[in-house]
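Analysis of the macromolecular model
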Amino acid sequence: MSGHNAALDALAGLLGQQHLQRDADSLQRAASDLYSSGALPLAVACPQQVDQVPALVQLASAHDLALVPRGGGLSYTGGYTGIDVPYLLVDLSALNRIEHIDADDMYVVVQAGVSWKQLYEALQPLGLRTPYFGTFSGAGASIGGGLSHGALFFGSARYGSAADNVLALEVATADGQLLHTGQWAWQQPAAPVFRGYGPDPTDLFLHDGGAFGIKTRAALRLIRTPAHSAPASFAFADFAAAGRALSAIAREGLAEEAYVLDPAAMAMNLERERSLQAAFNAARHVCAASPGAVGKLRALASLAAGGRTPVPANAFSLHLIAAGNCPAAIAHDLGRARRLAQAHAGVAIAPSVPRIARANPFPGLDAVLGATGSRWAALNCKLAHSQAPALITAHQALIARHADALAAHGVRVTWLCSALFNHSFSFEAVFHWHDQWQPTHAPHLSAEARARLREPDANPQARALVAELRQQTCALFASLGAASNQIGRTYPYLDNLAPGPRQLVQDIKQRLDPQRRMNPGVLGL
């Protein structure tokens, strides 16, 4: 540390002493995600203005320090952990201003630290929305983090991931410059409404894990919020049938989001929703989200009819939201989805799950832990619909081979599958176990959850089993040619590329960051 005192003193002068964190708790949180921890940074730098970021980069370069950008701190793939060189953690959470909402040209400009919930709530009164509008953790997950590591869910079946809705970026590169993409890159910058004017570098900085630079601003597409939406849910006897129905509904573009939960995932959700307070909150949010008095009564009646356990025991359940600008369009899409589900032996059930999820899409961050304080970590991949049944069968078999060890160490596995556009099937395996928490867990919890939950004892056997299963799962994904988002340091991105594309990516890294100071090691770079 002593050799870097001059750099830290200069940083304190740039940012203000209160915006350069050096205490042990801050350093430990910064070096951890929800799955693992790495070496501590020298300090956590918290820029308050965009123009401080390139100055910070120049200062770090002058003192031969690496830089690691961090968004909401809710990932689990080592995107900002595991650094083995002296580095500064750049916490972008204070860059949280929505700078411009353009309802005429249908775009919004946000700083990288804006959360998905913050943006959603700012646009909602205007009748506007980003097409993809957030992930489950959107109360804390930042837009910059979602563009760096991949974010999807709400709206993804129709509009893709966060990255698919970007019009332009501003990025601080390793040479201390602010690089602009899209129509912001022109000598006479224009409104960011078109990215097809020749080769555009925006995609270089999407899903890059911060390897090519630190995102400071983004321009995103806007749409008018659909005037009408309605949920539907279906139960299936087996996983493969539910997956085939999901693919059939996705191919026809019938929903804004469509997803499959397995029985264990549903049981865990119900553990969290059993209290009277949870039931009250669900009813309150459903009522608030439904238009008009008649709509509120119908929504509450549907919720009451379904109860808090609308999915039959041991069933795999498919949930969707249809949206459009007239009731007839909704009726058509739901009717077609119902016929497709029935063709795969699905049975219609009360749509309480998607109704509650849409009514309150960003409910807080207590779900960073299970209802009893257990930890969880997910792995995902994206592949063709035709490959999904084989992956489902293969991963179920992989888990079955470890059944005795799973039972012995208290590890559970759940699955979440969803549609990404009409051409991509998203498969996610989630591992749950009781173990000592990471330093990032407790700070995300509400006061009620902190009072209710007790941190488990260390469980190295379960932790080792989860690590082994994650490694085997990644290998299975790679064997099928499946791609992943939130790559971080978990998925073997660079090693999976053919020689030509691999060399191109390495050449781009060399051009943008010849000293390897931008998040070294992420993506395998």
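First, a word on what this report is: a plain description of the structure on this page.

Regarding the side chain of R375
In this structure, R375 sits in strand β16 (residues 375-383). Here the side chain of R375 touches D435 through a polar contact of 3.4 Å, side chain to side chain. With sequence-adjacent residues up to four places away left out, R375 is seen in contact with L34, Y35, L369, F431, H432, W433, D435, Q436, W437, Q438, H441 and R463.

What about the sheet that holds strand β4 (residues 87-91)?
Taken in spatial order, the four strands of this open sheet run β1-β2-β4-β3, and their pairing is mixed. The sheet terminates laterally at β1 (20-21) and β3 (66-70), the two strands that pair on one side only. Judged from the three bridges that link them, strand β2 (residues 43-45) and β4 form a sheet pairing that is parallel. For V44, the partnering residue across the bridge sits in β4 and is L89. Helix-sheet contacts for helix α3 (residues 52-62) involve β2, β3 and β4, and the interaxial angle to β3 is about 150°.

Details of unusual backbone geometry
Although it is not a glycine, M106 adopts a positive phi angle of roughly 60°. Relative to the helices and strands, M106 resides in the loop between β5 (98-102) and β6 (107-111). Phi at F153 is positive, roughly 155°, even though this residue is not glycine. Locating F153 in the fold gives a position in the loop between α5 (143-149) and α6 (156-159). Assessed through its relative accessible area of 5%, F153 is described here as buried.

What about the environment of Q515?
The residue Q515 is located in the segment after α19 (499-512) in this model. The sequence separation of Q515 and L416 amounts to 99 residues, and the corresponding C-alpha distance is 40 Å.

Looking at helix α13 (residues 388-400)
The end-to-end C-alpha distance of α13 is 18 Å, a good match for the 18 Å that 13 residues give at a rise of 1.5 Å each. Taken together, the buried positions of α13 are A388, L391, I392, H395, L398 and I399. Each buried residue of α13 lies within a common arc of 130° when the element is viewed along its axis, so the set occupies one face. Structurally, α13 contributes buried residues whose contacts are with α7 (239-251), β16, α14 (403-409), β17 (412-420), β18 (424-433) and α17 (460-479).

A few points about the packing of aromatic side chains
Evaluated as defined, the whole model comprises 16 aromatic pairs. Judged by centre distance (5.6 Å) and plane angle (80°), the rings of Y120 and F362 are edge-to-face. Within this pair, whereas Y120 is found in helix α4 (residues 116-123), its partner F362 is found in the loop between α12 (352-359) and β16, the two being separated by 242 residues in sequence. For the pair shown, Y120 and F362 are each scored as buried. Above the face of the Y35 ring, R470 is positioned so that its terminal group lies 3.8 Å from the ring centre.

Thoughts on the pattern of salt bridges
Here the structure, examined in full by the defined rule, presents 15 salt bridges. Among the ionic pairs, R217 bridges to E99, the shortest N-O distance being 2.7 Å. On the criterion of sequence distance, the pair formed by R217 in strand β10 (residues 214-221) and E99 in strand β5 is long-range, its members being 118 residues apart. Assessed through its relative accessible area of 36%, E99 is described here as partly exposed.

Some remarks on the sheet that holds β5
Strand pairing in a sheet relies on backbone hydrogen bonds, with the paired strands running either antiparallel or parallel. Here five strands make up an open sheet; going across it, the order is β5-β6-β10-β8-β9 and the pairing antiparallel. The strands lining the two open edges of the sheet, one partner per strand, are β5 and β9 (178-180). Each strand of the sheet is rotated relative to its neighbour by a mean of 15°, with strand direction disregarded. Bridging between strand β8 (residues 166-172) and β9 involves three bridges; their strand directions are antiparallel. What sits directly across from A172, in β9, is L178.

Examining the packing of α13 against α17
Across the interface, α13 lies against α17 with an axial gap of 11 Å and an inter-helix angle of 155°. Comparing their axes, α17 and α13 come out roughly antiparallel. Considering only the axes of α13 and α17, their crossing is right-handed. Across the interface between the two elements, L391, A394, H395, L398 and I399 from α13 touch L469, Q472, T473, L476 and F477 from α17. Its residues placed into classes, the contact of α13 with α17 shows seven nonpolar, three polar and no charged.

Considerations on a nonpolar patch on the surface
Together, W186, V193, F194 and Y197 line one region of the surface with nonpolar side chains, adding up to about 460 Å² of accessible area. Its location among the elements puts W186 in the loop between β9 and β10. Relative accessible area serves as the criterion here: at 35%, W186 is assigned to the partly exposed category.

Procedures and definitions
- Residues numbered from 1 in each chain as written.
- Predicted model: local features only at pLDDT ≥ 70, side-chain atom pairs only at ≥ 80, totals over all residues.
- Heavy atoms only, no water.
- Helix = DSSP H or I, 4+ residues; strand = E, 2+ residues; numbered from the N terminus.
- Polar contact = N/O pair within 3.5 Å; in protein donor to acceptor, adjacent residues only side chain to side chain.
- Contact = heavy atoms within 4.5 Å.
- Pairing = 2+ DSSP bridges.
- Axes fitted to C-alpha atoms, helices over the stretch in contact; angles between N-to-C directions.
- Buried < 20%, exposed > 50% of the residue type's maximum accessible area, 1.4 Å probe, protein only.
- Expected span 1.5 Å × (residues − 1).
- Arc of directions from axis to C-beta.
- Phe/Tyr/Trp six-rings, centres within 6.5 Å; stacked < 30°, edge-to-face > 60°.
- Lys NZ or Arg CZ within 6 Å of the ring centre and 35° of its normal.
- Salt bridge = Lys/Arg side-chain N within 4 Å of Asp/Glu carboxyl O.
- Parallel < 35°, antiparallel > 145°, perpendicular 65-115°, else oblique.
- Left-handed = near helix turned anticlockwise from the far one by under 90°.
- Nonpolar A, V, L, I, M, F, W, Y, C, P; charged D, E, K, R; others polar.
- Patch = residues over 30% accessible without salt bridge, like charges linked within 9 Å, V, L, I, M, F, W, Y side chains within 5 Å.
- Areas by Shrake-Rupley, 256 points an atom, 1.4 Å probe, with all protein chains shown as cover.

Shape descriptors only; they carry no functional weight alone.
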